[in-house]
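The lines below spell out each chain.
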Amino acid sequence: MSQRQVLQVFEQYQRARTQFVQAVAELAARPQNVETLQNAGVMSLLRPLLLDVVPTIQQTAALALGRLANYNDDLAEAVVKGDILPQLLCSLSEQNRFYKKAAAFVLRAVGKHSPQLAQAVVQCGALEMLVICLEDFDPGVKEAASWALGYIARHNSELSQAVVDAGAVPLLVLCIQEPEIALKRIAASTLSDISKHSPELAQTVVDAGAIAHLAQMILNPDAKLKRQVLSALSQIAKHSVDLAELVVEAEIFPVVLTCLKDSDEYVKKNGATLIREIAKHTPEGIPPLCACLIEEHEDHIKAAAAWALGQVGRHTPEHARAVAVANVLPTLLAMYMDTRSSEDLQMKTKKALKNILQKCTYLPALEPLLHDAPPNIMKHIVGQFSKVLPHDSKARRLFVTTGGLKKVQEIKAEPGSLLQEYINTINNCYPEEIVRYYSPGYSEILLERVENYHPVL
């Protein structure tokens, strides 16, 4: 047998392996084939091909395994039990970019299903390899590694901490600064997945300098990137006052308000969540929102600021007071009543007023509104007075001396309406002659009595 014939045997074997692995990878892409492949023992046949001498066979074997593991947790478990992960990671750092991407895909496909499977990925030493891939020259490798790390970190704080301990966070912060949009998206998403579990994990992300870079991307035209950026900032801000203030200090206002009018529903939702997470912790967000309300010329920005202030005020009486003390209520009322305001601005200011007023028990901020508010807003203002005055003698006295009681007597309410009920509750806080004294027309009655009075000489 000649040398040529001998080599031909090897070539045929190589061709057969190549055809097999390519066919399996294609079949694995279609869910209806997966069960048949599994029953045919595909896992044990693909495993040795991960160490094949031909790089394309290795890569395609990894791709096929990833597609199978991605399908359900049973197949992902079969990858773990078949001891495939250690083989996959064997000499990964020396492999080419195609293999690295395929290997990261397998790790992601296994780790995504459950904390237990993600833990199996961690235990086989995958995190160190994935972190090395974050430093790879090829952005596609970085993206695949970042994605796999995110799927591991999202399960719980222990797995997230393992990702942090492997040194991933500073490299992920570098990834969000890369020019490729796809890499930015996945890295921001992974930082969000790490930050969400605890204040300590969020602080690790902050310490790596993530906030400033994330904040700069709020105005990026790519909607999918904006979703992830807003989500990451929300997951940081939600944990504590200090973290929320750090996000505000990155000058996210007023730019974040433009997200509330974005055409992408998820950008709107994540923008709203970010504002809410900041608002629930700290009044830090109130001054920039007030400035937007007064200084911005665009109605849609004013409407977004009004909505955000309403979200702040609706949390607790303390939040409502912080908004009211900023003297924002008269501005909201003026915008609501201004016929030049857009329909959206009128709707948002009305809702904001209602949200803040229903929680606000700080009466000095409410009293000026008694003179200008229309009936649909007036009922909320008078309602708050009717809650506070019965229990606060100082407030009752002040309400008389500042002209509040007189103003309430001038309100024309429908008999039996909620507004009339509130007025009755307020009037019941005072002696009858005081209420009569401040009622409209009472001074004329007194003057008439003076005129008709016959002096006793």
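Right above here is the structure, for reference.
Residues numbered from 1 in each chain as written. Predicted model: local features only at pLDDT ≥ 70, side-chain atom pairs only at ≥ 80, totals over all residues. Heavy atoms only, no water.

Asker: Can you break down the environment of Gly-209 residue by residue, with the values?
Answerer: Tracing the chain through its elements places Gly-209 in the loop between helix H14 (199-207) and helix H15 (210-216). Through-space distance from the C-alpha of Gly-209 to that of Val-169 is 9.7 Å; in sequence the pair is 40 residues apart. (Helix = DSSP H or I, 4+ residues; strand = E, 2+ residues; numbered from the N terminus.)

Asker: Describe a nonpolar patch on the surface, and please don't skip the residues or the numbers.
Answerer: A contiguous nonpolar patch, built from Met-1, Val-6, Val-9 and Phe-10 and spanning about 460 Å² of accessible area, is present on the exposed surface. Within the secondary structure, Met-1 sits in the segment before helix H1 (3-28). (Patch = residues over 30% accessible without salt bridge, like charges linked within 9 Å, V, L, I, M, F, W, Y side chains within 5 Å. Areas by Shrake-Rupley, 256 points an atom, 1.4 Å probe, with all protein chains shown as cover. Salt bridge = Lys/Arg side-chain N within 4 Å of Asp/Glu carboxyl O.)

Asker: So what's going on with the environment of Leu-37? Which residues, and what values?
Answerer: Position of Leu-37 among the secondary structure elements: in helix H2 (residues 31-39). Residue classification places Leu-37 among the buried residues on the basis of a relative accessible area of 11%. With 216 residues separating them in the primary sequence, Leu-37 and Phe-253 have C-alpha atoms 54 Å apart. If sequence neighbours within four positions are ignored, Leu-37 has contacts with Val-24, Leu-27, Ala-28, Val-42 and Leu-68. (Buried < 20%, exposed > 50% of the residue type's maximum accessible area, 1.4 Å probe, protein only. Contact = heavy atoms within 4.5 Å.)

Asker: Please provide a residue-by-residue account of the packing of helix H19 (residues 265-279) against helix H21 (residues 299-313), values included.
Answerer: Contact geometry of H19 with H21 gives a least axis separation of 9 Å together with a crossing angle of 40°. As judged from the angle between their axes, H19 and H21 are oblique. The two elements H19 and H21 cross, and the hand of that crossing is right-handed. Contacts between H19 and H21 involve Ala-272, Ile-275, Arg-276 and Ala-279 on the former and, on the latter, Trp-307, Ala-308, Gln-311 and Val-312. (Axes fitted to C-alpha atoms, helices over the stretch in contact; angles between N-to-C directions. Parallel < 35°, antiparallel > 145°, perpendicular 65-115°, else oblique. Left-handed = near helix turned anticlockwise from the far one by under 90°.)

Asker: I'd like a description of the pattern of salt bridges, backed by residues and values.
Answerer: The full count for this structure, using the stated rule, is 18 salt bridges. Two residues, Asp-344 and Lys-348, come together in a salt bridge whose shortest N-O distance is 2.8 Å. Of this pair, Asp-344 and Lys-348 both sit in helix H24 (residues 343-357), four residues apart, which is roughly one turn of the helix. Within the structure, one salt-bridge network assembled from shared partners comprises Arg-154, Asp-193 and Lys-196.

Limitation: the analysis is restricted to geometry and does not speak to function.
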